[in-house]
Amino acid sequence: MTQGLSDLGTGPGPLQHQLDTVELAARTPDVEQPYGELGLKSDEYARITDILGRRPTTAELAMYSVMWSEHCSYKSSKVHLRTFGDLPRSEALLVGIGENAGVVDVGDGYAVTFKVESHNHPSYVEPYQGAATGVGGIVRDILTMGARPVAVMDSLRFGRADAPDTARVLPGVVAGVGGYGNCLGLPNIGGELLFDECYAGNPLVNALCVGVMKHEDVRLAKAEGVGNKVILFGARTGGDGIGGVSVLASETFDAEGPAKRPSVQVGDPFTEKLLIEACLEIFAADLVTGIQDLGGAGLSCATSELASAGTGGMHVDLDAVPLRDSTLTPAEILMSESQERMCAIVEPGKVDAFLAVCRKWDVLATVIGEVTDGDRLTVDWHGERIVDVPPRTVAHEGPVYERPVQRPADLDDLQADDPAALPRPTTPEELAAHWLAVVASPDGADKTWVTEQYDRYVRGNTVLAQPDDAGVVRIDEETHRGIALALDGNGRYARLDPYAGAQLNLAEAYRNVAVSGARPLAVTNCLNFGSPEEPEVMWQFAEAVRGLADACRELGLPVTGGNVSLYNQTGDVPINPTPVIGVLGVHEDVRTRVPAGWRTAGESVLLLGVTRPEFGGSAWASVVHGHLGGRPPAVDLEAERSLGELLAALGRGGLITSAHDLADGGLAQALAESALRYGTGAALRLGGDPFTALFSESAARVVVTTTDAEAVRATAEWAGVLVTELGTTGGDVLAVDGVAELPLAELRAAWSATLPALFGTPEATVGSVPAGTVPTS
Amino acid sequence: MRIGVITFPGSLDDVDAARAVRLAEAEPVALWHADHDLKDVDAVVLPGGFSYGDYLRAGAIAARAPLVQDVVDRARQGMPVLGICNGFQVLCEAGLLPGALTRNGHLHFRNRDQALRIERADTAWTQDYEPGQRIVVPVKNGEGRYVAAPADLDRIQGEGRVAVRYVEGNPNGSMRDIAGVTSEDGRVVGLMPHPEHAVEDLTGPSTDGLGFFTSVLKAVVSA
């Protein structure tokens, strides 16, 4: 166990074996406390002493240390994140930043809540449980809002695909995401899988959950009504995950440091499934006045946040908490991050009904306290007071830092290192070889090895899922209303220019949602960066936030919430800044959704949007030359918006049969994926410089197929979007005039062999084909 | 026509099974594992999921649930029963169907669109198909590898009890490519693939799965 935590006995130093009560703390001001080992700075400790007018008790110190951690308090990011709150008010936003997740009006009385959260550090320490509990945590956030969770997505980053440690981390993470989500009965509808050396010691595991409810069902995390009961329900409290947020998520990994496994939580998706069904039944019967899930910082977080957001105080009798391990100290109980627990505020007259629902679902539920009329959060243990604090100071008034920022010293050189100088393929043979290299690279390759470990079908409402650009879920079987979601986070672009990089990620997610035919409605984010104590990282963070806020303002999209993950670095090397952006869109009728692959011969293939020679941060430069430099593609949000409006019009009018976004790998990647999806080739002409046409990563571009090119042309003219005719679908070859003739069998072999070759070929895959590609009878 | 769909703690595809029943124009009736009440249903579906968290063995605890004991009694009198995925595991554990389902050969959970051949088109749940018909429905499981002792496999096969077979690839290492089996009287069928996920063009790889749910309407009428 981490040093410091082992000091969390009943009392500190000379007081060991004596319960550290509020009364004792007032009498013994000079006792030394292990605040440093718990992640608190000396001035933060001094502030706690000021707030309380005495030294904190051991239990209070535990609470403050976890709640004032970077992970829970957002102390380094808060000053920047305020920008999102300053965006113009959107009519679609029902609940904004500050609650467990934002809530958006999607029409017909439906509200949707969605959020992404990181579980990066735990997933590195213990890949399966880290990833699994990441899914579990975000699902409880969504449930807490009153919504039925309906789908999950995952955005994953690992070190080089062929690095030995990636072979340790990736299979466990994928199995963990799948194992937990599959057991909960939530379809996994998409995400990302990317590799880069910079994530070798800091893989990124970002999980998204989306939930649906009616407007009137929205629940908030607050404790109101004096005399109302505080009920803890779900799993018993154990010794797992103690200090997870302060020790794991808020510190840089030290390559030489001790193993941190005890700080990772262990998940039980079966219990969570029961918790979901019990909660939904409890909501339907209107049995709670407030509810909060127990995630990072466990009971410390849930009780202080509920009390802080409410009107009164709260008293908790810690002896009532059901334990898995009877030797836990009160401080450990308060800090434990045992999974699958929720905390509800229930009127006394409804307690019996509440407990009956829990009994029906075999969910353990215990009254542990009540709402009081004071303004203090108090906790007793064995009849003695061990916590007596103003809850706001724990939950909402933690430290706020205005950290120094400084533009990275290497950025000028990096931007000057333009990929225009790299040797380019010129002969048809070279072009074909580079095309295959990009498509077969770990980033470009078929992701079936991962996605077939996820259940995409459960609940029967999945309309589109990976490899389509966006996940699309039906939310009403009568009206056919549905939602679309995409997650995108290119770290190379953000490394070259974090302001533009964040905007490009937003633009890509926006485009991916639009490609499905949906109207983009709202934004969430998961901001993965290095240590905030390094001014250059803090500059990247500030720039990315500023870029994202500016782009949201221009596109008229609200930011509904988000998550910040800092300290993603090993030693003094931070990851590429990786702002992962999620966009939610709405389909009035999911039956008009547009899939991404070519199905039928004889259709026109059209490119929408303008191609410029832009190779900075491109897949081509990275795959072929191992190069990262120059500037990322230009951001043109007006063009993104026009393209989005055009795609919506084409989708609604049934004018296109497929649409696929151009992003990493440019047209080369998009053409290959479109052809391979259903095994339909094409005969194409590119015009101009074939290298630029294939490998440029200019934004605001989409490739579509249609049986009515004239109608698409006319609509595009109305929208002000350039149309380039590329050719016609058909055959079993992807043929580009004067450039390459790629037989689909050869292309598929290269594209689909990469991940199985790296991470294992199960013997039974032989002769089988991936989901979505079997011709139906 | 009332078709019950049992919900156990940890059932996941119960909403899907109920939807499939509805699309087959029958009335889905929600049944609760802990009740001794079959609510006068004409047939029962045990849906997919992870009943009781798959603790002990997949399906082992659910097979001892109060309602499953009632289902076993009624099945022995000829009531049609369909077990899908976890439901198949429950029926094997309850002794209504032969064999057992174990961890996939490759040890991964696998979800894909799977081609199947209908080997028996005369059971209560498959009579709307042609013998030998090829269908495509999703398969998704971590413990779907059908196993039995060689002599039992010979007997099951000899008695024509293999209802559905995997074709064009075996997704989990099931012995003799067995995807589903039937009881001697053809009234009870269990299979690992998910016909309830292939009942709408919008959400499934096909609508090939609907036949299971339309078949039983005739089976009940003719019983």
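Residues numbered from 1 in each chain as written. Chains lettered and ligands numbered in written order. Predicted model: local features only at pLDDT ≥ 70, side-chain atom pairs only at ≥ 80, totals over all residues.

- An unreviewed UniProt entry annotates chain B as Phosphoribosylformylglycinamidine synthase subunit PurQ of Geodermatophilus africanus.
- UniProt's Pathway (unreviewed entry) comment on chain B is quoted here verbatim: "Purine metabolism; IMP biosynthesis via de novo pathway; 5-amino-1-(5-phospho-D-ribosyl)imidazole from N(2)-formyl-N(1)-(5-phospho-D-ribosyl)glycinamide: step 1/2."
- Taken directly from UniProt, the Subcellular location (unreviewed entry) text for chain B runs: "Cytoplasm". (UniProt positions renumbered as here; feature names shortened; annotations may be inferred.)

- Per an unreviewed UniProt entry, chain A carries the name Phosphoribosylformylglycinamidine synthase subunit PurL and comes from Geodermatophilus africanus.
- As recorded by UniProt, the Subunit (unreviewed entry) comment attached to chain A reads in full: "Monomer. Part of the FGAM synthase complex composed of 1 PurL, 1 PurQ and 2 PurS subunits."
- Per UniProt, the comment on chain A under Catalytic activity (unreviewed entry) is "N(2)-formyl-N(1)-(5-phospho-beta-D-ribosyl)glycinamide + L-glutamine + ATP + H2O = 2-formamido-N(1)-(5-O-phospho-beta-D-ribosyl)acetamidine + L-glutamate + ADP + phosphate + H(+)".

## Description of the overall build of chain B
Reasoning step 1: When helices and strands are tallied, chain B shows five helices and 11 strands.
Reasoning step 2: Oriented by its inertia axes, the alpha-carbon framework of chain B measures out at about 40 × 35 × 35 Å.
Reasoning step 3: Considering chain B as a whole, with its 223 residues, one finds that 64% of them fall into the buried category.
Reasoning step 4: In chain B, of all internal contacts separated by at least 6 residues, the share reaching a separation of at least 24 is 74%. (Helix = DSSP H or I, 4+ residues; strand = E, 2+ residues; numbered from the N terminus. Buried ≥ 20, exposed ≤ 12 C-beta atoms within 10 Å, placed from the backbone. Contact = placed C-beta atoms within 7 Å.)

## What to know about the overall build of chain A
Reasoning step 1: Counting secondary structure elements, chain A contains 26 helices and 28 strands.
Reasoning step 2: In summary, chain A has a C-alpha radius of gyration of 26 Å against a globular reference of 28 Å for 777 residues, a match within 12%.
Reasoning step 3: With the C-alpha coordinates aligned to their principal axes, the bounding extent of chain A is approximately 85 × 55 × 55 Å.
Reasoning step 4: Sequence separation of at least 24 residues holds for 85% of the intrachain contacts in chain A that already meet a minimum separation of 6. (Rg over C-alpha atoms; globule rule 2.2 N^0.38 Å.)

## A look at the UniProt feature "binding site: Mg(2+) 1" (unreviewed entry) in chain A
Residues and elements named next belong to chain A.
Reasoning step 1: Taking the numbering used here, the UniProt-annotated feature "binding site: Mg(2+) 1" (unreviewed entry) corresponds to Glu117 and Asn563. The largest pairwise C-alpha distance within this set of annotated residues, which runs over 447 residues, is 5.6 Å, so the set is compact in three dimensions.
Reasoning step 2: Within the element layout of this structure, Glu117 appears in strand β3 (residues 110-118).
Reasoning step 3: Those residues in contact with Glu117 that sit more than four places away from it in its chain are Gly134, Gly137, Ile138, Asn206, Ala207, Cys526 and Asn563.
Reasoning step 4: Tracing the backbone through its elements, the reader meets Asn563 in strand β18 (residues 559-565).
Reasoning step 5: Take Asn563: there are 24 C-beta atoms within 10 Å of it, and that puts it in the buried class.
Reasoning step 6: Apart from the residues lying within four places of it in its own chain, the contact partners of Asn563 are Val116, Glu117, Ser118 and Cys526.

## Some remarks on the interface of chain A and chain B
Reasoning step 1: Counting residues at the interface gives 34 residues for chain A, matched by 37 residues for chain B.
Reasoning step 2: Only α8 (164-184), α10 (269-284) and β14 (462-464) of chain A provide two or more residues apiece to the side of chain A that touches chain B.
Reasoning step 3: Classifying every residue of the side of chain A that touches chain B by side-chain character gives 14 nonpolar, 12 polar and eight charged. (Nonpolar A, V, L, I, M, F, W, Y, C, P; charged D, E, K, R; others polar.)

## A closer look at the environment of Ala670 of chain A
All names here are of chain A.
Reasoning step 1: Relative to the helices and strands, Ala670 resides in helix α23 (residues 666-678).
Reasoning step 2: For Ala670, a count of 22 C-beta atoms within 10 Å gives the class buried.
Reasoning step 3: Once the C-alpha coordinates of Ala670 and Ala514 are considered, the two residues, 156 residues apart in sequence, prove to be 16 Å apart.
Reasoning step 4: Setting aside its immediate chain neighbours within four residues, Ala670 contacts His660, Leu662 and Val703.

## Description of the sheet that holds strand β27 (residues 733-736) of chain A
Residue and element names in this part refer to chain A.
Reasoning step 1: The seven strands are arranged β23-β25-β22-β26-β24-β27-β28 in an open sheet whose pairing can be described as mixed. With one partner strand each, in any of the chains shown, β23 (658-661) and β28 (740-743) form the two edges of the open sheet. If you compare each strand with its neighbour and ignore which way they point, the axes differ by 20 degrees on average.
Reasoning step 2: Direction of pairing for strand β24 (residues 682-684) relative to strand β26 (residues 723-729): antiparallel, over a ladder of three bridges. In the strand pairing of β26, Leu684 is matched with Gly727.
Reasoning step 3: On the sheet, helix α19 (residues 498-515) packs against β23 and β25 (702-706) and is oriented at approximately 175 degrees with respect to β23. (Pairing = 2+ DSSP bridges. Axes fitted to C-alpha atoms, helices over the stretch in contact; angles between N-to-C directions.)

## Here's the deal with the sheet that holds strand β12 (residues 377-381) of chain A
Backbone hydrogen bonds hold the strands of a sheet together, and the pairing may be parallel or antiparallel.
All names here are of chain A.
Reasoning step 1: The strand order across the open sheet formed by seven strands is β8-β10-β7-β11-β9-β12-β13, and the pairing between neighbours is mixed. Of all the strands in the sheet, the pair left with one neighbour each is β8 (290-293) and β13 (384-389). Between one strand axis and the next, the sheet turns by 20 degrees as a mean value, whatever way the strands run.
Reasoning step 2: Packed on one face of the sheet, helix α11 (residues 298-309) meets β8, β9 (313-317), β10 (341-346) and β12 and runs near 155 degrees to β9.

## Structural notes on the pairing of β10 of chain A
Residue and element names in this part refer to chain A.
Reasoning step 1: Most of β10 sits inside the fold, with six of its six residues counted as buried.
Reasoning step 2: Judged by which residues are buried, β10 turns out to be covered on both faces: Arg341, Cys343 and Ile345 on one side and Met342, Ala344 and Val346 on the other are all buried.
Reasoning step 3: Here strand β7 (residues 229-234) runs beside β10; their pairing, made up of six bridges, is antiparallel. Residue pairing for β10: Lys229 is matched across the bridge by Val346.
Reasoning step 4: With four bridges joining them, β8 and β10 adopt antiparallel strand pairing. Paired with Gln292 across the two strands is Cys343, which belongs to β10.

## Structural notes on the UniProt feature "active site" (unreviewed entry) in chain B
Residues and elements named next belong to chain B.
Reasoning step 1: With numbering matched to this structure, UniProt assigns "active site" (unreviewed entry) to Cys85, His194 and Glu196. In summary, the annotated positions, though distributed over 112 residues, converge in three dimensions, the widest C-alpha pair being only 10.8 Å.
Reasoning step 2: Inspection of the secondary structure assignment puts Cys85 in the loop between β4 (81-84) and α3 (86-93).
Reasoning step 3: Setting aside anything within four residues of it in sequence, one finds Cys85 in contact with Gly48, Asn141, Met192 and His194.
Reasoning step 4: If sequence neighbours within four positions are ignored, Glu196 has contacts with Asp13, Asp16, Ala17, Ala20, Ile84 and Gly209.

## Regarding the confidence of the model for chain B
Reasoning step 1: Model confidence for chain B is summarised by a mean pLDDT of 96, while 99% of its residues fall at 70 or above.
Reasoning step 2: Scoring the predicted complex yields pTM 0.94 and, for the interface, ipTM 0.96. (pLDDT = per-residue confidence, 0-100.)

## Overview of the pairing of strand β11 (residues 365-372) of chain A
Sheet faces and side chains relate simply in a regular strand, where the side chains alternate between the two faces.
Residues and elements named next belong to chain A.
Reasoning step 1: By the bridge criterion, five bridges tie β7 to β11 in an arrangement that is antiparallel. Opposite Lys229, over in β11, you have Glu370 as the bridge partner.
Reasoning step 2: Across four bridges, β9 lies against β11 in antiparallel orientation. Following the sheet pairing, Gly313 is matched in β11 by Thr372.

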